[in-house]
Amino acid sequence: MAVGGGLMEEGEAPSGEETVEAIPQPPAAVLSNDVGATVLERLRQQPGGPELLELAEGRDDVELVGGAVRDLLLERTPRELDVVAAADAPALARTLAARLGVEATVHERFGTAFVERGDTRLDFATCRAESYPAPGALPDVRAGTPVEDLRRRDFTVNAIAVVIGGAKPGELRAAPRALEDLREGRLRVLHERSFVEDPTRLLRLARYQVRLGFAVEDGTAALARQALSAGALETVSRARVGTELRLALSEPQAPAVLEAMSEMGLLEAVHPRLRHEPPLAERALALLPADGSRRALLLAALVLPLVVRADGQEEAEARALLDRLEFPHGERDLAVRAAVAAVRLHRELPTCERPAELYILAADVPIEGVALAGALGAAEAARRWLNELRHVQLEITGADLLAAGVPQGPEIGRRLRAALRARLDGEVAPGREAELAAALELQ
Ligand code: CTP
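Residues numbered from 1 in each chain as written. Predicted model: local features only at pLDDT ≥ 70, side-chain atom pairs only at ≥ 80, totals over all residues. Heavy atoms only, no water.

A. Geometry of the overall build of the protein. Counting its secondary structure elements, the protein contains 21 helices and 13 strands. Taking 22 Å as the expected radius of gyration for a compact globule of 443 residues, we find that the protein reaches 28 Å, considerably beyond that expectation. Principal-axis analysis of the C-alpha atoms places the extent of the protein at approximately 90 × 55 × 35 Å. A fraction of 66% describes how many contacts in the protein between residues 6 or more apart in sequence connect residues 24 or more apart. Surface exposure of the protein reaches about 20500 Å², of which carbon and sulfur atoms provide 49%. (Helix = DSSP H or I, 4+ residues; strand = E, 2+ residues; numbered from the N terminus. Rg over C-alpha atoms; globule rule 2.2 N^0.38 Å. Contact = heavy atoms within 4.5 Å. Areas by Shrake-Rupley, 256 points an atom, 1.4 Å probe, with all protein chains shown as cover.)

Now the structure itself:
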């Protein structure tokens, strides 16, 4: 079966001034039908796969595409199944949803829809062609042919489509070199303006590189460097950059993705003081208890250089940056609070002589902030607070003191706090009786 025929014209190969050489165009590859058949076989094993195969049986124009094909061929579990159809994708989605006993979510204007059942998600889109009114702007979208639909994609390994049903199930179309790149683990853009037109692909490149363990093809790496040094990232809305950063932070190997972004100069391009320091992040993550958020910790570490003076103005700037990137407020506040606290705590924690002092210093700090302070140098104190001290609680409550005759009012809180300090410093044994005695004895 011919693959890739006509997807790219002569002379469209990506090239980079600094690499000199254009990425060579392959001869039309010939593949066996096995690849497409393998995709369909593996699709059948996916939740929703059998229903999708059945749905597409009578149609020639329904194709599985993008990350789903890539992942099935790599024997990875796709995050979602991407389906394109020549027409009427929302109607297809509705029919499938009805068969699965769920509702489809439809965006009629864009000709897209998705169907979710449990952890399974199927995305439907009508084949489209894109043109970019300006570099970095959202593309103008119009209905397109399946070939155009592949052409608009980011990397060759994401530009493979397999016909699901109709007369030729398993028929495969792919960008030139797509299957070779997939087999050999390579990320390659489809054309030389790819990063200029859609600079979010620079961030996607780092994410795929780590997640798939793929190498960046030399010409593509050169194009990425050129686009970046020409300021491509400044042409994209901060919201879209933020979306990519959040996707990076959600990756299982998020620290490695951030490292790849940092090495490419992407973080610096987003903000000159945004940093990912792998040893710092690694130490902080190692200290973070299971109830902490790895994602918030990594974000706090990223903004740490923005708040080194830990003053209100810097804090406001860090917050404003995360607002421009459209981080949800909860995540923004947690990360900034953690970073600001870490700057203060890493100096103050090691000066504590008594556990109760440690406890009080870190009492209102998110655990991500304490872990970060530990990574900045106060490891021992941070570990002690995170693993031991923060869990210390009195067994008695104010009600016990009231019952023992202490008058209602601030006296109750003062005695409870003093008893807790004594407990933390090991001056009072655990247990209600000892605690109550300590609380009542105190002056
Ligand atoms: N795509 C693109 N350029 C972008 C975003 C997406 O070309 N800026 C195309 C790619 O072909 C991609 C597909 O749209 O494979 C679906 O996008 P997305 O769901 O973000 O990526 P997946 O490859 O499916 O990756 P993931 O496994 O992360 O979902």
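B. Looking closely at the packing of aromatic side chains. Applying the stated criterion to the full structure yields two aromatic pairs. For the ring pair phenylalanine 155 and phenylalanine 195, a centre distance of 6.3 Å and an interplane angle of 55° mean the geometry is tilted. On the criterion of sequence distance, the pair formed by phenylalanine 155 in the loop between helix H5 (146-151) and strand E10 (160-163) and phenylalanine 195 in helix H7 (residues 194-197) is long-range, its members being 40 residues apart. Of the two residues, phenylalanine 155 and phenylalanine 195, both sit in the buried class. Between phenylalanine 155 and tyrosine 208, the aromatic rings sit 5.9 Å apart at their centres with planes inclined by 85°, giving edge-to-face as the arrangement. Here tyrosine 208 lies in helix H8 (residues 200-212) and phenylalanine 155 lies in the loop between H5 and E10, a separation of 53 residues in the sequence. The class of phenylalanine 155 is buried, set by a relative accessible area of 0%. With relative accessibility at 6%, the residue tyrosine 208 sits in the buried group. Here the aromatic residues Phe155, Phe195 and Tyr208 are joined through ring pairs into a cluster of three or more. One cation-aromatic arrangement involves arginine 207 over tyrosine 208; the distance from NZ or CZ to the ring centre is 5.6 Å. Sitting over the face of the ring of phenylalanine 327, arginine 246 holds its NZ or CZ atom 4.7 Å from the ring centroid. (Phe/Tyr/Trp six-rings, centres within 6.5 Å; stacked < 30°, edge-to-face > 60°. Buried < 20%, exposed > 50% of the residue type's maximum accessible area, 1.4 Å probe, protein only. Lys NZ or Arg CZ within 6 Å of the ring centre and 35° of its normal.)

C. Quick look at the packing of helix H16 (residues 329-348) against helix H18 (residues 367-387). Across the interface, H16 lies against H18 with an axial gap of 8 Å and an inter-helix angle of 35°. Taken as a pair, H16 and H18 cross one another with a handedness that is right-handed. Contacts between H16 and H18 involve Leu334, Ala338, Ala339, Ala342, Val343, Leu345 and His346 on the former and, on the latter, Glu368, Gly369, Val370, Leu372, Ala373, Leu376 and Ala378. A per-class count over the contact of H16 with H18 returns 11 nonpolar, two polar and one charged. (Axes fitted to C-alpha atoms, helices over the stretch in contact; angles between N-to-C directions. Left-handed = near helix turned anticlockwise from the far one by under 90°. Nonpolar A, V, L, I, M, F, W, Y, C, P; charged D, E, K, R; others polar.)

D. Broad picture of the layout of surface pockets. By volume, the largest pocket is sized at about 1400 Å³. As for the largest pocket, its lining consists of 41 residues, of which Arg128, Glu130, Arg152, Arg153 and Arg204 are closest to the centre. At the level of elements, helix H3 (67-73), strand E4 (81-85), strand E6 (112-117), strand E7 (120-126), strand E8 (128-131), H8 and helix H10 (238-250) are the ones that each hand at least two residues to the lining of the largest pocket. If one sorts the elements of the lining of the largest pocket by residue count, H8 sits on top with six residues. (1 Å grid on protein atoms, 1.4 Å probe; cavity = no way out; pocket = protein on both sides within 12 Å on 5 of 7 lines; lining within 4 Å. Points joined across faces, edges and corners; volume = space filled by probe spheres on them.)

E. Structural view of the side chain of aspartate 400. As for its position among the elements, aspartate 400 is in helix H19 (residues 398-403). By relative accessible area, aspartate 400 is classed as buried at 17%. Apart from residues lying up to four places away in sequence, aspartate 400 is in contact with Glu395, Arg432 and Leu436.

F. Up close: unusual backbone geometry. Phi angles above zero are rare outside glycine, and arginine 177 is one such case at about 70°. We note that glutamate 326 has phi near 60°; this positive angle belongs to a residue other than glycine. Structurally, the position occupied by glutamate 326 is in the loop between helix H15 (312-324) and H16.

G. Quick look at the site of the ligand. Looking at the ligand, there are 17 residues lining it, with Arg79, Asp154, Asp198, Tyr208 and Arg211 nearest. Glutamate 80 is positioned with one of its side-chain polar atoms (N or O) 3.0 Å from an oxygen atom of the ligand. Separating a nitrogen atom of the ligand from a side-chain N or O atom of aspartate 198 is a distance of 2.7 Å. Protein contacts shield 83% of the accessible area of the ligand, which totals 570 Å² for the unbound molecule. Of all the cavities here, the one that holds the ligand is the largest pocket. (Near = heavy atom within 4 Å. Polar contact = N/O pair within 3.5 Å; in protein donor to acceptor, adjacent residues only side chain to side chain. Sits in = over half its atoms within 2 Å of the grid points.)

H. A look at helix H1 (residues 34-45). Relative to the 16 Å expected for 12 residues at 1.5 Å per residue, H1 spans 17 Å between its end C-alpha atoms, a close match to the ideal helical length. Every buried residue of H1 is accounted for by Val35, Gly36, Val39, Leu40 and Leu43. What you see down the axis of H1 is that its buried residues fit within an arc of 135°, all on one side. Among the exposed residues of H1, those pointing more than 90 degrees away from its buried face are Asp34, Glu41 and Gln45. (Expected span 1.5 Å × (residues − 1). Arc of directions from axis to C-beta.)

I. Spotlight on the confidence of the model for the protein. Averaged over every residue, the pLDDT of the protein is 90; the share at 70 or more is 92%. Within the model, the stretch residues 1-32 combines pLDDT values under 50 with 73 contacts to residues more than four positions away or in other chains. (pLDDT = per-residue confidence, 0-100.)

J. Quick look at the pairing of E4. Among the five residues in E4, five count as buried, and that is most of the element. Of the two faces of E4, the one holding Leu81, Val83 and Ala85 and the one holding Asp82 and Val84 are both buried throughout. Bridging between strand E3 (residues 62-65) and E4 involves three bridges; their strand directions are antiparallel. The residue bridging glutamate 63 from the neighbouring strand is valine 84, located in E4. (Pairing = 2+ DSSP bridges.)

K. Up close: the pattern of salt bridges. With the rule as written, the count across this model stands at 42 salt bridges. The closest approach of N and O atoms between arginine 70 and aspartate 71, which form a salt bridge, is 3.0 Å. Take arginine 70 and aspartate 71: they sit in the same class, and that class is buried. Between arginine 432 and aspartate 400 there is a salt bridge, and its shortest N-O distance comes to 2.7 Å. Residue arginine 432 is found in helix H21 (residues 432-441), and its partner aspartate 400 is found in helix H19; the two are separated by 32 residues along the sequence. Taken together, the shared-partner salt bridges connect Asp154, Arg204, Arg207, Arg211, Glu244 and Glu251 into one network. (Salt bridge = Lys/Arg side-chain N within 4 Å of Asp/Glu carboxyl O.)

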